[in-house]
Amino acid sequence: MSPHSSSRQGLPTAPDPLPIDVVDNHVHLDIGRDGAEPLDVAEAVARARAVGVSRLVQVGCDLDAIDFTIDAVERFPEVLGAIALHPNEVPRLAAAGTLPAAYDAVERAAGHERVRAVGETGLDYFRTGPDGVAVQQDAFRWHIDLAKRLGKALQIHDRDAHEDVLRVLDEEGAPDRTVLHCFSGDLSTARESVERGYYLSFAGTVTFKNARTLRDALTVTPLSQLLVETDAPYLTPSPHRGATNASYLVPHTIRAMASVLNVDVPTLCRAVSENSERVYGPWS
């Protein structure tokens, strides 16, 4: 299959390959967009590799997705895992009385050698109302402690909760390798995060025309603290916004980031690759 062809109707055409291989820091290979079936993992990996996205971090954030993630990391050397209970999943489990058992399942899975991060955990005040805040914060603290006990990186989901995310991390003490997945904060939040030593991972949203605040945040993030991701199948970068996202579209985001930062694409690719291995360790 040519990297510029599509075997499935509606998938965007692949971009030109990157000059140096990079990592998709956050992808959901188990999820299809708008009710569609997800890409087969082998096809998703092959499409990504063809354009210079040679390694992926598959994120499982409910119990079924965690099982999927363990299977994927055992079958595909290009894939490492991150697992947790998503902040929007936590209130549902608490209401059902099954949160303690779910914690046990997460802890067992997180010990897998190819699961390199606890995440995505954090706070989401957009979809979960005030009644869910306390249990979300408790779960966030539990996941932070788990990452530190196991020596894993931490991947954070932060939606409309920037101040509380930083506060809880300060109170608990963040792991040495902490990643703000799909960074969505402003210039001030970026500066505070950079000062704390966190990695900022930018998704396709940074390419959107109305994302000037996000691009401003990117400008104050050192190359040594930058990562890139898809959050596929969502947040598809321009010029394919609204279509199904996949790891093979990362080059669009990398090239947009390089333009904002006024660096050449190989320099950014090299930094992203080195940072990813610093956070997650070697893929093989």
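Description of the structure in this document. (Residues numbered from 1 in each chain as written. Predicted model: local features only at pLDDT ≥ 70, side-chain atom pairs only at ≥ 80, totals over all residues. Heavy atoms only, no water.)

The eight strands are arranged E1-E2-E3-E4-E5-E6-E7-E8 in an open sheet whose pairing can be described as parallel. What marks the edges here is a single partner per strand, and that holds for strand E1 (22–27) and strand E8 (226–228). Between one strand axis and the next, the sheet turns by 30° as a mean value, whatever way the strands run. Pairing of strand E3 (residues 79–83) with strand E4 (residues 115–124) involves three bridges; the strand directions are parallel. From the neighbouring strand, isoleucine 83 faces E4, where its bridge partner is valine 118. Strands E1, strand E2 (53–60), strand E7 (199–202) and E8 of the sheet are contacted by helix H9 (residues 250–261), whose axis makes an angle of about 150° with E8. On the sheet, helix H10 (residues 265–280) packs against E1, E2, E3, E4, strand E5 (153–159), strand E6 (178–180), E7 and E8 and is oriented at approximately 95° with respect to E8. (Pairing = 2+ DSSP bridges. Helix = DSSP H or I, 4+ residues; strand = E, 2+ residues; numbered from the N terminus. Axes fitted to C-alpha atoms, helices over the stretch in contact; angles between N-to-C directions. Contact = heavy atoms within 4.5 Å.)

The first and last C-alpha atoms of helix H5 (residues 133–150) sit 26 Å apart over 18 residues, in line with the 26 Å expected at 1.5 Å per residue. Residues of H5 that are buried: Val135, Gln136, Gln137, Ala139, Phe140, Arg141, Trp142, His143, Ile144, Leu146 and Ala147. Those residues of H5 that are buried are in contact with helix H3 (90–96), helix H4 (99–110), E4, E5 and helix H6 (162–172). (Expected span 1.5 Å × (residues − 1). Buried < 20%, exposed > 50% of the residue type's maximum accessible area, 1.4 Å probe, protein only.)

What follows deals with helix H2 (residues 63–75). Note that an α-helix has 3.6 residues per turn; residues three or four places apart therefore point the same way. Across its 13 residues, H2 extends 19 Å between first and last C-alpha, which sits within 8% of the 18 Å expected from 1.5 Å per residue. Buried within H2 are the following residues: Ala65, Ile66, Thr69, Ile70, Ala72 and Val73. Buried residues of H2 fall within an arc of 165° about the axis and therefore sit on the same side. The exposed residues of H2 that point more than 90 degrees off its buried face are Asp64, Asp67, Glu74 and Arg75. The inward-facing, buried residues of H2 contact E2, E3, H4 and E4. Backbone nitrogen of aspartate 64 and a side-chain oxygen of the N-cap are separated by 3.2 Å at the start of H2; the cap is aspartate 62. (Arc of directions from axis to C-beta. Polar contact = N/O pair within 3.5 Å; in protein donor to acceptor, adjacent residues only side chain to side chain.)

Right, let's talk about the pairing of E2 for a bit. Taken across its eight residues, E2 has eight buried, putting it largely inside the fold. As defined by bridge partners, E1 adjoins E2 across four bridges and the pair is classed as parallel. Looking across to E2, one finds that valine 23 is bridged to arginine 55. Regarding topology, helix H1 (residues 41–50) serves as the crossover connection from E1 to the parallel E2, and that connection is right-handed. Taken together, the five bridges between E2 and E3 define a ladder with parallel strand orientation. Along E3, the bridge assignment pairs glutamine 58 with glycine 81. Handedness of the E2-H2-E3 crossover: right-handed. (Right-handed = clockwise from strand over helix to strand, strands pointing away.)

Residue placement: serine 54 occurs in strand E2. When its relative accessible area of 16% is taken as the criterion, serine 54 is described as buried. A distance of 3.4 Å separates polar atoms of two side chains, one belonging to serine 54 and the other to aspartate 21. In terms of polar contacts, serine 54 uses its side chain to reach the side chain of arginine 55, at 3.1 Å. Setting aside chain neighbours within four positions, we find serine 54 in contact with Asp21, Val22 and Glu78.

Let us look at the nonpolar core. Side chains of nonpolar character tend, in soluble globular proteins, to be buried together. Within the largest apolar cluster, 76 residues are counted, with the highest numbers of intra-cluster contacts made by Phe140, Phe202 and Ile254. Of all the elements, H5 adds the most residues to this core, at seven residues. Within the second largest apolar cluster, 13 residues are counted, among which are Val59, Ala117, Ala153 and Tyr280. (Core = buried A, V, L, I, M, F, W, Y, C linked by side-chain atoms within 4.5 Å.)

How two helices sit against one another is set out by the angle between their axes and by the gap between those axes. As a packed pair, H2 and H4 sit with axes 11 Å apart at the nearest point and diverge in direction by 15°. Relative to H4, the element H2 is oriented roughly parallel. Seen along the crossing, H2 lies across H4 with a hand that is left-handed. On H4, the residues touching Leu63, Ile66 and Ile70 of H2 are Ala102, Ala105, Val106 and Ala109. (Parallel < 35°, antiparallel > 145°, perpendicular 65-115°, else oblique. Left-handed = near helix turned anticlockwise from the far one by under 90°.)

Without other data, these values stay purely geometric and don't point to any function.
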